[in-house]
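Read off the chains here:
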Amino acid sequence: MDTETQQKQSSISLPIEGMSCASCVGRVEAALKKVEHVEEVAVNLATERADIRGDDQLDAGALIEAVEKTGYTVPATTTELSVEGMSCASCVGRVERALQAVPGVVEANVNLATERASIRSNLPAETLIAAVADAGYSASEVDRTGAEAEEGDDKKDAELAGLKRDLTIAAVLSLPVFVIEMGSHVIPGMHGLIADTIGMQLSWYIQFVLATLVLFGPGRRFFSKGIPALLRGAPDMNSLVVLGTSAAWGYSVIATFFAGLLPEGTANVYFEAAAVIVTLILLGRFFEARAKGRTSQAIKRLVGLQAKTARVIRDGKAVEIGIGEVQPGDLVEVRPGERIPVDGEVTDGDSYVDESMITGEPVPVAKATGSEVVGGTVNQKGALTFKATAVGGTTVLAQIIRMVEEAQGSKLPIQGLVDKVTMWFVPAVMTAALLTFLVWFFAGPEPALSLALVNAVAVLIIACPCAMGLATPTSIMVGTGRGAEMGVLFRKGEALQLLKDAKVVALDKTGTLTEGKPALTDLEVAEGFERSDVLAKIAAVESRSEHPIGRAITEAAENEGLSLPKVESFESVTGFGVKAQAEGVSVDIGADRYMKKLGLDVATFADVAERLGDEGKSPLYAAIDGKLAAIVAVADPIKESTPEAIKALHDLGLKVAMITGDNRRTAEAIAKQLGIDDVVSEVLPEGKVDAVNTLKSQHGKLAFVGDGINDAPALAAADVGMAIGTGTDVAIEAADVVLMSGSLGGIPSAIALSQETIRNIKQNLFWAFAYNTALIPLAAGALYPAFGLLLSPIFAAAAMALSSVFVLTNALRLRRFKAPTQAA
């Protein structure tokens, strides 16, 4: 009796937010004890969890409702499960429905290509795993460590090896069956040769033995999954294979051993069909597993970038430790040619670091004291010591891997149609096969039973919906993986579909189109003055100023290696400029009105001033020792990648708009220089959302590109938000797409990749649906009345296997995608 009671008991563990003291615990416990079917409750304030035990009718939904009525919350979290045993689109639908039926599940997405389920719920993983098991599949929680990834690879390698072994055995055993039976029909004189030597009956016995070994040896995998699915009333692809091969084999067994039970003239054998169908489907599965492995190579490469060990300074000595043991604040040493193990800030040394796999940019980046380094990148010539700032799951590389995995596992809006169709597809195929059998049996020519069986088997085999389940997720996997390799991260899978519909790209100016930092762009000196001497004196005076323009001029002089003279009597002339003594010579710097006040004529630089005005720059003048010496312009320089990126966007047929807080003249000058179509200027940060909405109403779907910090509201308001990352700031929550490098070349790359991926998905779906739907009537014998042609079940199996292989091969073409700027 006790054992029976134990079996009927169930337990649920819930996370609870909002508890602050012992009375909160008492309140939650009391509320949970009132829920029907609850027998025992334990609430822990430290772990913020409630463990509830009760009978098998314990309802998680009722428990959550009771907690929330007391004023506390049960937060929904995302659980990732690895699901084994799925083979086609109908499996995906079955697992999804099983998970969605669990009370407390907010959302469940299942992906056939990644073999993963992503569930938002308040429930523990054990409850969700049990729901998957009830649907007939096995599941385990995904551990996001490198060990789990390696374990997954080992499992896939073992699966591939198993398939190869089974395929080899099936092929060796099927070949004699195929030669004996098909050779009798095709090769002249072979039928007579078999009859005169071993005899037809013995040849049938040989075929029976070999076909039985194929079916219940290598083909056992179809039976172990297909029969339970049939018994649950939820048939899948394996069920179709089992029904088809069993019907052919069973009929042949009766014809071989109990021929008298069959109508006269119908005692034919189809052992070769049963054996060869299993062999061909195993061949398709083998190619499929190999191609699936290639679709996830982007993730494997990213995981492979993680160093296994790190050299850390402990007690004054450098010791080598596992990457998981590195703590924030540790000093880490990296030698030339080594991979940087974690994120950090350089404290000693100079080197160049190859960051191409993080940013997509091929040029190595100089690193010195104070520079940030990213785990997974490769140190080149110099030795570096750096302080670890992010380790484990908080590193940039770990975040990138997580983003790519989430995007690869996401479900696009286009997948909704596929799910609806595939839910009914397998039952519809079984119905079509039954109708085929009945029509041929009652209305077909003799031997009616044999023809009815052959055509029904062909319908069952040709319509397996593997390709439908793989059509969308494989393209998403390869597309998002290729994007990651180019430094384009799709944080949300839907962005991959939405981006292709963009009609206008709106860009923030500062930090997006431009470098985001003032720099000396122009310095023209008057006759009689030397450029380096003028720049040194101007920079020396400006070094005393706190103005960004002054800092830009000083930085330019330092970059040119100039030594600055000593400055005395510095003074700011309000509304005009600054003045000082440099090496005993007076230096005055300011706008044209300041020069006029000093009695100097700026007409010498009239042409230069006009050009600078057209470029949206405000010129400054410098007078040295009472003489007009130079005209200077400081501006936020346009990024090198900007003109090419805007041209690429125009080539893709998109409008380009600029949103900026700059005055209209400056904004229009930059827009004219870059060929920007629409300018929204003098916009305050809070007005960017209105500007985005206005552009959307004028042009249609809009992608907004900003730096991801002060542009968060505009990024969220756009149809697709694209954040320019710096290589170390990837966790930008408001954006749908993160461009890891500062290069704007990532924008046309992301849009072109979106267009190419959706085109690829549509090709796959057309092939999967049109191919299967068109071939069902052919398999049913539609060509027989007019042409006397029937489709052999063997050709049906080959066609079905080809369907999946085509879809996977087509998706893998995305690995060769080239960015528009590269292609140019």
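Residues numbered from 1 in each chain as written. Predicted model: local features only at pLDDT ≥ 70, side-chain atom pairs only at ≥ 80, totals over all residues. Heavy atoms only, no water.

The chain goes by P-type Cu(+) transporter in an unreviewed UniProt entry, where it is assigned to Marinobacterium stanieri. According to the UniProt record, the Sequence similarities (unreviewed entry) comment for the chain reads "Belongs to the cation transport ATPase (P-type) (TC 3.A.3) family. Type IB subfamily." The annotation that UniProt attaches to the chain under Subcellular location (unreviewed entry) is "Cell membrane". (UniProt positions renumbered as here; feature names shortened; annotations may be inferred.)

A.B. asks: Tell me about the sheet that holds strand S28 (residues 720-724), residues and numbers included.
C.D. replies: Across the sheet, which stays open at both edges, the seven strands sit in the order S17-S29-S28-S27-S18-S25-S26 with mixed pairing between neighbours. The open sheet has two free edges, formed respectively by strand S17 (488-490) and strand S26 (678-680), since each of these has just one partner strand. Shown here is a sheet whose adjacent strand axes are inclined to one another by a mean of 20 degrees, direction ignored. Inspection of the sheet shows strand S18 (residues 504-508) paired to strand S27 (residues 702-706) by four bridges, in the parallel sense. Considered in S27, the bridge of Leu 507 is made with Val 705. (Pairing = 2+ DSSP bridges. Helix = DSSP H or I, 4+ residues; strand = E, 2+ residues; numbered from the N terminus. Axes fitted to C-alpha atoms, helices over the stretch in contact; angles between N-to-C directions.)

A.B. asks: Lay out the sheet that holds strand S4 (residues 77-84) in plain terms, naming residues and giving numbers.
C.D. replies: Within the open sheet, the four strands sit side by side as S5-S6-S4-S7. Their pairing is antiparallel. Looking at strand neighbours, the two that pair on one side only are strand S5 (105-111) and strand S7 (138-141), the edges of this open sheet. On average, each strand axis in the sheet is inclined to that of its neighbour by 25 degrees, with strand direction left out of account. By the bridge criterion, six bridges tie S5 to strand S6 (residues 116-121) in an arrangement that is antiparallel. For Glu 107, the partnering residue across the bridge sits in S6 and is Arg 120. Packing of helix H4 (residues 89-100) onto the sheet brings it into contact with S4, S5 and S6, and relative to S5 it is tilted by some 165 degrees. (Contact = heavy atoms within 4.5 Å.)

A.B. asks: Hey, could you go over a nonpolar patch on the surface for me, with residue numbers and the actual values?
C.D. replies: On the surface, a cluster of nonpolar side chains totalling about 710 Å² of accessible area is made up of Ile 198, Leu 202, Tyr 205, Ile 206, Ile 254, Phe 257, Phe 258 and Leu 261. Mapped onto the nonpolar patch, the elements with two or more residues apiece are helix H8 (200-216) and helix H10 (237-257). Residue position: Phe 258 is located in the loop between H10 and helix H11 (271-295). (Patch = residues over 30% accessible without salt bridge, like charges linked within 9 Å, V, L, I, M, F, W, Y side chains within 5 Å. Areas by Shrake-Rupley, 256 points an atom, 1.4 Å probe, with all protein chains shown as cover. Salt bridge = Lys/Arg side-chain N within 4 Å of Asp/Glu carboxyl O.)

A.B. asks: Give me the lowdown on the UniProt feature "transmembrane region" (unreviewed entry) in the chain, citing residues and values where you can.
C.D. replies: In the numbering used here, UniProt assigns the "transmembrane region" (unreviewed entry) feature to residues 167-187, 202-219, 240-263, 269-287, 421-443, 449-472, 765-784 and 790-812. Across residues 240-263, the secondary structure splits into 75% helix and 0% strand, with the terminal C-alpha atoms separated by 27 Å. A helix fraction of 87% and a strand fraction of 0% characterise residues 790-812, whose end C-alpha atoms lie 34 Å from each other.

A.B. asks: An account of the pairing of strand S3 (residues 49-55) is needed here, citing residue identities and associated values.
C.D. replies: In this structure, strand S2 (residues 38-44) lies alongside S3, joined through six bridges in antiparallel fashion. Bridge assignment links Ala 42 to a residue of S3, and that residue is Asp 51. Linkage of S2 to S3, two consecutive antiparallel strands, is achieved through a turn of four residues, within which Glu 48 is found at a positive phi near 55 degrees.

A.B. asks: Any details on the packing of aromatic side chains? Residues and values, ideally.
C.D. replies: As enumerated under the stated definition, the model contains 13 aromatic pairs in all. Taking the centre distance of 6.0 Å and the plane angle of 50 degrees together, the rings of Phe 286 and Phe 287 count as tilted. Linked through ring pairs, Tyr 205, Phe 208, Phe 216, Phe 223, Trp 249, Phe 257 and Phe 271 together constitute an aromatic cluster. Above the ring of Phe 576, the side-chain terminus of Lys 597 is found at 4.6 Å from the ring centroid. (Phe/Tyr/Trp six-rings, centres within 6.5 Å; stacked < 30°, edge-to-face > 60°. Lys NZ or Arg CZ within 6 Å of the ring centre and 35° of its normal.)

A.B. asks: Tell me about the pairing of S6, and name the residues and values.
C.D. replies: Relative to S6, S4 runs antiparallel, the two being bridged by six bridges. Its bridge partner being in S6, Leu 81 is matched across the sheet by Ala 117. A loop of four residues connects S5 with S6, the two strands running antiparallel in sequence, and Glu 115 in this loop sits at a positive phi of about 55 degrees.

A.B. asks: Got a sec to walk through the pattern of salt bridges? Specific residues and values, please.
C.D. replies: The full count for this structure, using the stated rule, is 15 salt bridges. Asp 166 serves as the salt-bridge partner of Arg 221, at 2.8 Å between the closest nitrogen and oxygen. Of this pair, Arg 221 sits in helix H9 (residues 220-231) while Asp 166 sits in helix H6 (residues 146-186), and the two are 55 residues apart along the sequence. Here Asp 522 makes a salt bridge to Arg 611, at a shortest N to O gap of 3.4 Å. Placement of the pair is Asp 522 in strand S19 (residues 519-525) and Arg 611 in helix H23 (residues 606-614), with a sequence separation of 89 residues.

A.B. asks: If you had to explain H8 to someone new, which residues and values would you point to?
C.D. replies: Taking 1.5 Å per residue, 17 residues should reach 24 Å; H8 reaches 24 Å between its end C-alpha atoms and fits that length. Every buried residue belonging to H8 is among Ser 203, Trp 204, Gln 207, Leu 210, Ala 211, Val 214 and Leu 215, and all of these are buried. In a view along the axis of H8, the buried residues occupy a sector of 135 degrees, so they form one face of it. (Expected span 1.5 Å × (residues − 1). Buried < 20%, exposed > 50% of the residue type's maximum accessible area, 1.4 Å probe, protein only. Arc of directions from axis to C-beta.)

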